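Each chain is listed here by its residues.
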Amino acid sequence: MNNALFKFQKPCNEPVKGYAPGSEEKAELKKALHRLASEKWEIPLVIGGREVRTGDTGEVVMPHDHRHVLATYHKAGEKEVRMAIEAAMKAHREWARMPWVERASILQRAAELIATKYRYLVNASVMLGQSKNPFQAEIDAPCELVDFLRFNNFFAGDIYADQPCSEKGVINRMEYRPLEGFVFALTPFNFTAIASNLNMSPVLMGNTTIWKPSTTALYSNYLVMQIFREAGLPDGVVNFVPGQGSLMGKVITASPDLGGFHFTGSTATFNYLWGQIGANLAGYKSYPRIVGETGGKDFIFVHPSSPTTEVAAAIVRGAFEYQGQKCSAASRAYIPKSLWGSIRSEIGDMLREVKMGDVRDFTNLVNAVIDEPSFDNIMANIEYAKHSSDAEVVFGGRGDKSVGYFIEPTVIVTTDPKFKTMVEELFGPVITVFVYDDAKYEETLDLCDASSPYALTGSIFARDRAAITTAMERLRYAAGNFYINDKPTGAVVSQQPFGGSRASGTNDKAGSALNLIRWTNVRAIKETLVPPTDFRYPFLGEK
């Protein structure tokens, strides 16, 4: 028996490759892109380690070239969802009993496989399937995905080592059990790293999961699932179940074995499923643990002391990288009148250099939005702004879906701080600007705080330190991740644990021990070494 008290060393963040012209990594990535673009996969369900083909199929296409089919995938029905629940519960007992270092070692191997053997294939799968440029794909998967796996192992060691004090004659200890039941992981299209982590953080702590991947991220998600299996993940620990979300949710929330729900996606979907769980509370063995990261209406707030070029760069990067399809993307800005003219001019200069097109052309910063419904929704909001007396489209505003779902980076200016595109999440390359009177800085901070139901990310730009301090206080609950003189995107595992509250989620901070602890069901154990033999206490001896 191995009785060593092993602890994973604190890792460094996975280095981000630059893919510069002439570099070896660029050549390798282009080779991987060519290979994947020339293949057509069949994606089955993976339940209890067995590949399941239902015959009810759909297609995965490139968003930037929607005539190009990357894969055909099979969809689960109610029968397959119940099979997945059975497989997860069957695997739960042995996986929970496995020493945590052995569980972590499997995930550490998966991280190494992704960082080395599969690095370029994973990057290429994200580029082609989710229309990310090479840098955006690189920081997602492999890098953030690998960081989650490695840092979670380190954080788990700290959790398991956190033990209570013991007084004389007593041994006290804490047992960090997994949840009593399976975890339902409902994952988003925009980050493959998040899709992985929504499964692997509960799995590390001894849980088993049912993974409902986003249809528009199936391509990279399936590759990652295959890598987990190669790393030695036992059958049934993660069950990969593509299908219709409403059907799956109905079956899963009705199961008495539902132990937890790990989610990233829209606020409406999260609220609906939480409601279903609430309606079924009496039927569960334990109260399900609910962790969710949902919508955002993330802001850049500019003080009159701000440097204009830095603000313009933050808007262009923060709003338009990955076509604004980040929960953290800047989608509203508050800019003082004294600076708006300069900032507007500098944004225009930058956008004139921005190219848009296929991800395989590395000169394109902007690529396609994820699918046609997304394209139609974003364009409808842009058209609404074009025809409103309260708004003006000053940059962009055009879209074309004939080949791919392309929308120009769009800047809207409004005179109404509660204009539709100023308060509603769009999830596209659109930012709306409200120009405020310089003298109304604090008043406008309060307006920013109260205008949106979300509280995910936000930033303040200022050289005046007192202004920064004021913003930090007035916007105390307006963002779970708050940035000073930076864009509100780009949180890094272990450096900026990520999450927000209000309508943005439960703020359980992925990328830290705070998320992992949510997937444990703690038992306090007291052992008395020499139990008393007399029921009487000293105070009873009074005459």
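This one's a predicted model, so the numbers in the text were calculated from it and none came from an experiment. (Residues numbered from 1 in each chain as written. Predicted model: local features only at pLDDT ≥ 70, side-chain atom pairs only at ≥ 80, totals over all residues. Heavy atoms only, no water.)

## A closer look at the overall build of the chain
Assigned secondary structure in the chain consists of 16 helices and 23 strands. For the chain, the C-alpha radius of gyration of 25 Å lies close to 24 Å, the compact-globule estimate for 543 residues. Counting only C-alpha atoms and orienting by the principal axes, one finds that the chain spans roughly 85 × 70 × 50 Å. A burial count over the chain gives 57% of its 543 residues as buried. Within the chain, residue pairs in contact and separated by at least 24 positions form 77% of the contacts whose partners lie at least 6 positions apart. (Helix = DSSP H or I, 4+ residues; strand = E, 2+ residues; numbered from the N terminus. Rg over C-alpha atoms; globule rule 2.2 N^0.38 Å. Buried < 20%, exposed > 50% of the residue type's maximum accessible area, 1.4 Å probe, protein only. Contact = heavy atoms within 4.5 Å.)

## Examining the UniProt feature "domain: Aldehyde dehydrogenase" (unreviewed entry) in the chain
Mapped onto the present numbering, the UniProt feature "domain: Aldehyde dehydrogenase" (unreviewed entry) falls on residues 56-523. Segment residues 56-523 splits into 42% helix and 21% strand. End C-alpha atoms: 44 Å apart. (UniProt positions renumbered as here; feature names shortened; annotations may be inferred.)

## Here we look at the side chain of S131
Structurally, S131 is set in the loop between α4 (119-130) and α5 (134-161). Every residue in contact with S131, bar those within four places of it in the chain, is listed here: P63, H64, V126, Y322, Q323, V359, N367 and A368.

## Things to note about the packing of helix α8 (residues 245-253) against helix α9 (residues 267-279)
Across the interface, α8 lies against α9 with an axial gap of 10 Å and an inter-helix angle of 25°. When the interaxial angle is binned, α8 and α9 end up roughly parallel. When the axes of α8 and α9 are compared, the crossing they make is right-handed. Along its contact with α8, which presents G249, K250 and T253, the element α9 presents L273, Q276 and I277. When the residues that make up the contact of α8 with α9 are grouped by side-chain class, the tally is two nonpolar, three polar and one charged. (Axes fitted to C-alpha atoms, helices over the stretch in contact; angles between N-to-C directions. Parallel < 35°, antiparallel > 145°, perpendicular 65-115°, else oblique. Left-handed = near helix turned anticlockwise from the far one by under 90°. Nonpolar A, V, L, I, M, F, W, Y, C, P; charged D, E, K, R; others polar.)

## Some points on the pattern of salt bridges
Two side chains that carry opposite charge are able to pair once their charged atoms sit near each other. Using the criterion set out here, one finds 31 salt bridges in the structure. Between E138 and R119 there is a salt bridge whose closest N-O contact spans 2.6 Å. Here R119 lies in helix α4 and E138 lies in helix α5, a separation of 19 residues in the sequence. Across this residue pair, the class does not change: E138 and R119 are buried. Here D376 ties to K401 by a salt bridge, and the two come within 2.9 Å at their closest N and O atoms. Of the two residues, D376 sits in helix α12 (residues 372-386) while K401 sits in the loop between β15 (399-400) and β16 (406-407), which places them 25 residues apart along the sequence. Salt bridges here are not isolated pairs; linked through shared partners, they connect E14, E112, R119, E138 and R150. (Salt bridge = Lys/Arg side-chain N within 4 Å of Asp/Glu carboxyl O.)

## Details of helix α15 (residues 465-474)
Along α15, the residues classified as buried are A467, I468 and A471. On an axial view of α15, the arc spanned by its buried residues comes to 100°, and they lie on one face. Pointing more than 90 degrees away from the buried face of α15 are the exposed residues R465, A466, T469 and E473. The N-capping residue of α15, defined by a side-chain oxygen 2.9 Å from the backbone nitrogen of A466, is D464. (Arc of directions from axis to C-beta. Polar contact = N/O pair within 3.5 Å; in protein donor to acceptor, adjacent residues only side chain to side chain.)

## With respect to a nonpolar patch on the surface
A cluster of nonpolar residues, F535, Y537, F539 and L540, forms a patch on the protein surface that exposes about 550 Å² of accessible area. In this structure, F539 sits in the segment after β23 (520-528). Owing to a relative accessible area of 61%, F539 belongs among the exposed residues under this scheme. (Patch = residues over 30% accessible without salt bridge, like charges linked within 9 Å, V, L, I, M, F, W, Y side chains within 5 Å. Areas by Shrake-Rupley, 256 points an atom, 1.4 Å probe, with all protein chains shown as cover.)

## Some thoughts on the environment of G48
Summarising the element assignment, G48 is placed in the loop between β2 (45-47) and β3 (50-52). Given a relative accessible area of 31%, G48 falls into the partly exposed group. Each C-alpha atom, one on G48 and one on S342, is 59 Å from the other, the two residues being 294 residues apart in sequence. Excluding anything up to four places from it in sequence, G48 contacts A87, D235, G236 and N239.

## A closer look at the packing of aromatic side chains
Per the counting criterion, the structure on display carries 25 aromatic pairs. An angle of 55° between the planes, with centres 5.9 Å apart, marks the rings of F8 and W100 as tilted. Residue F8 is located in the segment before α1 (24-37), and its partner W100 is located in helix α3 (residues 100-115); the two are separated by 92 residues in the primary sequence. A single burial state applies to F8 and to W100, both of which are buried. By way of ring pairs, the aromatic residues F6, F8, W100, Y160 and Y176 are connected into one cluster. Taking the ring centre of F362 as reference, the NZ or CZ of K30 above it sits at 4.8 Å. (Phe/Tyr/Trp six-rings, centres within 6.5 Å; stacked < 30°, edge-to-face > 60°. Lys NZ or Arg CZ within 6 Å of the ring centre and 35° of its normal.)

## Examining the sheet that holds strand β4 (residues 57-62)
With mixed pairing, the three strands of this open sheet are ordered in space as β1-β5-β4. Every interior strand has two partners, whereas the edge strands, β1 (41-43) and β4, have only one. Adjacent strand axes in the sheet meet at a mean angle of 40°, parallel and antiparallel pairs treated alike. Judged from the three bridges that link them, β1 and strand β5 (residues 65-74) form a sheet pairing that is parallel. The residue of β5 that forms the bridge with W41 is A71. Across the sheet, helix α7 (residues 218-230) lies against β1, β4 and β5, angled at about 75° from β1, the strand it touches most. (Pairing = 2+ DSSP bridges.)

## Points about unusual backbone geometry
One non-glycine residue, N485, adopts positive backbone phi at about 55°. For N485, the position within the fold is in the loop between β21 (481-484) and β22 (501-502). Although it is not a glycine, R502 adopts a positive phi angle of roughly 50°. Take R502: it is sitting in strand β22. Judged by its relative accessible area of 39%, R502 is partly exposed.

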